[in-house]
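Notes for the structure review
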Amino acid sequence: PDVKAIVFTRGSTGVSAAMTLVKKERSDIECICVNYLETEAQVSAAADLGITVDDHEVYQEMVKTAKKAKLETVAFLIPQKYKNNTNIVDAKEMLQHVCEDEGLGFEVYEITYTSVAPNNLKSAADKVVKEAVKKHSNNVAFFTPSCILKDAVINAAAENDAGYIYTTCNCPRNHYLS
């Protein structure tokens with residue numbers, strides 16, 4: 001009874017079902033979903049409030065930062081199993097357009113992993129990062145819309161002397177440039 005609201009800060013696939021279960025048990029709880037991967041229709045059917053950030057504006061800032069660092073290409077690292085996810089496809093297309101507008105190259109690299117064990121993720125990210133570094137030297141900015149791959153991509157890029165690392169999870173405000 002002390003709980004008045006639940007905030008789902010990363011609305012992964014299945015968040016609508018989770019909110020529906022919460023409402024079924026406790027109709028008095030407000031469900032708020034931020035930066036969701038499911039469709040707006042799915043989230044709005046289950047959430048009391050759904051919030052997203054202006055991805056286009058965030059991607060523009062990311063690309064301008066990469067350009068200011070004299071990088072030439074943005075590498076979009078996507079988990080192979082999510083390559084057809086509507087939100088991932090939209091993010092990829094939006095970022096690609098921003099790169100084109102700013103005169104930066106854009107390439108998509110699929111990362112395949114069999115489990116979410118840290119060593120497995122690191123190995124998978126390392127393979128793709130090495131490929132991109134070999135092709136672009138230190139002139140590449142790395143970006144992933146996957147929270148689970150974030151640390152693996154950061155570590156793989158640092159260990160491969162990529163120089164500049166740009167990675168993000170589904171929430172574009174959660175990013176790094178070093």
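With that out of the way, let us pick up the overall build of the protein. Each helix and strand counted, the protein has six helices and eight strands in total. Mapped in sequence order, the helices and strands of the protein form the string β-α-β-α-β-α-β-α-β-α-β-α-β-β. Within the span of the protein, comprising 178 residues, buried residues form 41% of the whole. Considering only contacts in the protein between residues 6 or more positions apart, those separated by 24 or more positions represent 62%. Counting every atom, the protein has about 9,600 Å² of accessible surface; 50% of that belongs to carbon and sulfur.

Moving on to helix α6 (residues 147-159). Taking 1.5 Å as the rise per residue, α6 with 13 residues should run 18 Å; its terminal C-alpha atoms sit 19 Å apart, in good agreement. Every buried residue belonging to α6 is among L149, K150, A152, V153, A156 and A157, and all of these are buried.

It is worth spelling out the sheet that holds strand β5 (residues 105-111) at this point. Spatially, the three strands line up as an open sheet ordered β5-β4-β6, and their pairing is parallel. The open sheet has two edge strands with one neighbour each: β5 and β6 (140-143). Pairwise comparison of adjacent strand axes, ignoring direction, gives a mean angle of 25 degrees for this sheet. The pairing of strand β4 (residues 73-79) with β5 spans seven bridges and is classified as parallel. By the bridge assignment, V74 is partnered in β5 with F106.

Glancing now at the packing of helix α3 (residues 55-68) against helix α4 (residues 86-102). Interhelical geometry of α3 versus α4 gives an angle of 45 degrees and a closest axis separation of 9 Å. What the angle tells us is that α3 and α4 run oblique. Here α3 and α4 pass one another in a crossing that is right-handed. Facing D55, H56, Y59, Q60, M62, V63, K64 and K67 of α3, the residues of α4 in contact are A91, M94, L95, V98, C99 and E102.

Before going further, it helps to examine the nonpolar core. Ranked by size, the top nonpolar core spans 20 residues in total, and within it L77, I111, V129, F142 and V153 carry the most contacts. Counting only elements with at least two residues in this core, the list comes to β4, β5, α5 (118-136), β6 and α6. The element that contributes the greatest number of residues to this core is α5, accounting for seven residues. Those residues within four positions of V129 in sequence are excluded, and the remaining contacts are L77, F142, A156, A157 and N160. Counting residues in hydrophobic clusters, the runner-up holds 19 residues, among them Y59, A91, C99 and A141.

The next point concerns the confidence of the model for the protein. Overall, the predicted model of the protein reaches an average pLDDT of 81, with 88% of residues at or above 70. Taken together, the stretch residues 169-178 has pLDDT below 50 and engages in 36 contacts with residues farther than four places along the chain or on a different chain.

For the rest of this paragraph, the subject is the packing of aromatic side chains. Within this structure, the stated rule accounts for three aromatic pairs. The interplanar angle of 90 degrees and the centroid separation of 5.7 Å between the aromatic rings of Y59 and F143 together place this pair among those described as edge-to-face. Residue Y59 is located in helix α3, and its partner F143 is located in strand β6; the two are separated by 84 residues in the primary sequence. Take Y59 and F143: they sit in the same class, and that class is buried. Put simply, the rings of Y59, F76, F106 and F143 touch in pairs and so form one group of aromatic residues.

Cut-offs and rules
- Residues numbered from 1 in each chain as written.
- Predicted model: local features only at pLDDT ≥ 70, side-chain atom pairs only at ≥ 80, totals over all residues.
- Heavy atoms only, no water.
- Helix = DSSP H or I, 4+ residues; strand = E, 2+ residues; numbered from the N terminus.
- Buried < 20%, exposed > 50% of the residue type's maximum accessible area, 1.4 Å probe, protein only.
- Contact = heavy atoms within 4.5 Å.
- Areas by Shrake-Rupley, 256 points an atom, 1.4 Å probe, with all protein chains shown as cover.
- Expected span 1.5 Å × (residues − 1).
- Pairing = 2+ DSSP bridges.
- Axes fitted to C-alpha atoms, helices over the stretch in contact; angles between N-to-C directions.
- Parallel < 35°, antiparallel > 145°, perpendicular 65-115°, else oblique.
- Left-handed = near helix turned anticlockwise from the far one by under 90°.
- Core = buried A, V, L, I, M, F, W, Y, C linked by side-chain atoms within 4.5 Å.
- pLDDT = per-residue confidence, 0-100.
- Phe/Tyr/Trp six-rings, centres within 6.5 Å; stacked < 30°, edge-to-face > 60°.

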